[in-house]
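What the coordinates show
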Amino acid sequence: MAYKFDFGAIVPHWELLVDGMILTTELTVIGAVVGVGLGIMGAWARASRAPVISQIVGVYVELIRNTPFLVQLFFIFFGLPALGVKLSEFQAAVLAMIVNLGAYSTEIIRAGILAIPQGQIEAAQSLAMNRVQIFRYVVLLPALKKIWPALSSQIVIVMLGSSVCSQIAAEELTFGANYIQAINFRAFEVYFVVTGLYLAMSILLRMGLKVLGNFLFERRRHV
Amino acid sequence: MSLVELHAIHKSFGALEVLKGIDLSIDEGQVIALIGKSGSGKSTLLRTINGLEAIDDGVIMVGGKKISERDTDLLALRLQVGMVFQQFNLFPHYTALENVMLSPQVVKKQSKPEAREIAEEMLTKVGLADKMMHYPDQLSGGQQQRVAIARALAMKPKVLLCDEVTSALDPELVNEVLAVVRQLAEEGMTLVMVTHEMRFAREVCDKLVFMHQGRIHETGDPEEVFANPKTPELSSFVGGLA
């Protein structure tokens, strides 16, 4: 007997999906903002001449980039309580996303920093600017501009990766989907719809990041 | 007293010794040309004067004070010694005006109107009053270099270092930049320039320093040096150019 599709079976549970999308969005926004901030600091440390700090950041980057996100999440949520650090599902999920994006964006932003011509930095040095001033006014914005497409992709990857947070019962979109199909056994319909929702969120996120990039890097006269 | 004094400066890149004991004093208002073949160490010497190249041995004194490798000393040195580069090195994300205003604002903590006034004055001085709102990629090479000069001048340095400031320019743009440098020299600005413009050096400079294999090989009044080179190396260098 052929399977009879019944997308109507999802309708009574629509609020779960909406709540899930809201939580996914929250995780992504916080994770992206703090994670990219962490990446900027990490990239600066990696590009700086302080070898110890650079190496510590290097170890962090390699540790995160060479282990699965799920394991990182489990470690934070199930492992850290052994050290007395007990986090809620949401806190653990957002921390895992920050730590993960922080590592990837460190490497992406570092590439942007390395692409700044040395002459720009020498010119700034010759104008008696200190390292912090050079980074802030001369290096950061042109560096971010160079790597913005790559960084945008990484943020989308992290948003999609947040689905894994359902495994610690963070009630994001995939958690909602799992829950609904456990009640009505409509796995095809539920995951079909959720796939569409993720797709829509990804496209919106990419568009949003493009608009943000245009805003950040457009030629605006400051005086 | 000299503005800047270099004593027994040594500098190596790996096994290659580029500067083999340089002594040079730069007096206020002096215009010095560093000439020599490529690889003779003239650009490296220029870059040691504002600490872009750390020296291995020797002493740099600015205003009678010894400069150490510490960051605070380097920043103090660079407040006195400005620099203009072969490749202009303007900041691409700022307009000409913003390029000139940036350092007075963030380093000298000048207010925006104050920095703007100085920047406009300097850009007018280099003949770019009508290009202030242009971005570097909207300017010709000669215009970019003049913005770079204005940017250095806005910090009111006591000495301006010029590292082959016309070498990256199309021939027809060289003169507009040299005219600005000449004007600065006439106004009494202390200048040290690495240059291949021998006629310009002869006309504008007070002192010619010929470098050869990491040493100051011959030095003196430009007219004198060009007319009667004492060493065969300078003789062949000058002859090779003629």
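Residues numbered from 1 in each chain as written. Chains lettered and ligands numbered in written order. Predicted model: local features only at pLDDT ≥ 70, side-chain atom pairs only at ≥ 80, totals over all residues. Heavy atoms only, no water.

Attention now moves to the interface of chain A and chain B. One frequent convention defines the size of an interface as the accessible area lost when the parts assemble. The interface of chain A with chain B comprises 22 residues on the first partner and 35 residues on the second. Summing both sides of the interface, chain A and chain B together bury roughly 2500 Å²; the carbon and sulfur share of this comes to 58%. At the boundary of chain A and chain B, one finds one salt bridge. Notably, a salt bridge pairs Arg-47 of chain B with Glu-122 of chain A, separated by 2.7 Å at the nearest N-O pair. Taken together, the links from chain A to chain B amount to eight residue pairs in polar contact (both at pLDDT 80 or more). Those elements that provide at least two residues to the side of chain A that touches chain B are α5 (118-126) and α6 (131-161) of chain A. For the side of chain A that touches chain B, the element with the highest residue contribution is α5 of chain A, accounting for seven residues. (Contact = heavy atoms within 4.5 Å. Buried area = accessible area lost by both parts, 1.4 Å probe. Salt bridge = Lys/Arg side-chain N within 4 Å of Asp/Glu carboxyl O. Polar contact = N/O pair within 3.5 Å; in protein donor to acceptor, adjacent residues only side chain to side chain. Helix = DSSP H or I, 4+ residues; strand = E, 2+ residues; numbered from the N terminus.)

Every α-helix carries 3.6 residues per turn, so stepping three or four residues along brings you back to the same face. Spanning 26 residues, helix α4 (residues 89-114) of chain A covers 38 Å between terminal C-alpha atoms, matching the ideal 38 Å at 1.5 Å per step. The largest bend in α4 of chain A comes to about 25°, at Ser-105 of chain A. (Expected span 1.5 Å × (residues − 1). Bend = angle between axes of the 7 residues up to and from the residue.)

Residues and elements named next belong to chain A. Counted according to the given criterion, the structure contains 13 salt bridges over all chains. The partner of Arg-65 in a salt bridge is Glu-62, and the shortest N-O contact between them spans 3.4 Å. Highlighted residues: Arg-65 and Glu-62, both in helix α2 (residues 51-65), separated by three residues, approximately one helical turn. For Arg-65, a relative accessible area of 33% translates into the label partly exposed. Taking relative accessible area as the criterion, Glu-62 reaches 36% and is therefore assigned partly exposed. (Buried < 20%, exposed > 50% of the residue type's maximum accessible area, 1.4 Å probe, protein only.)

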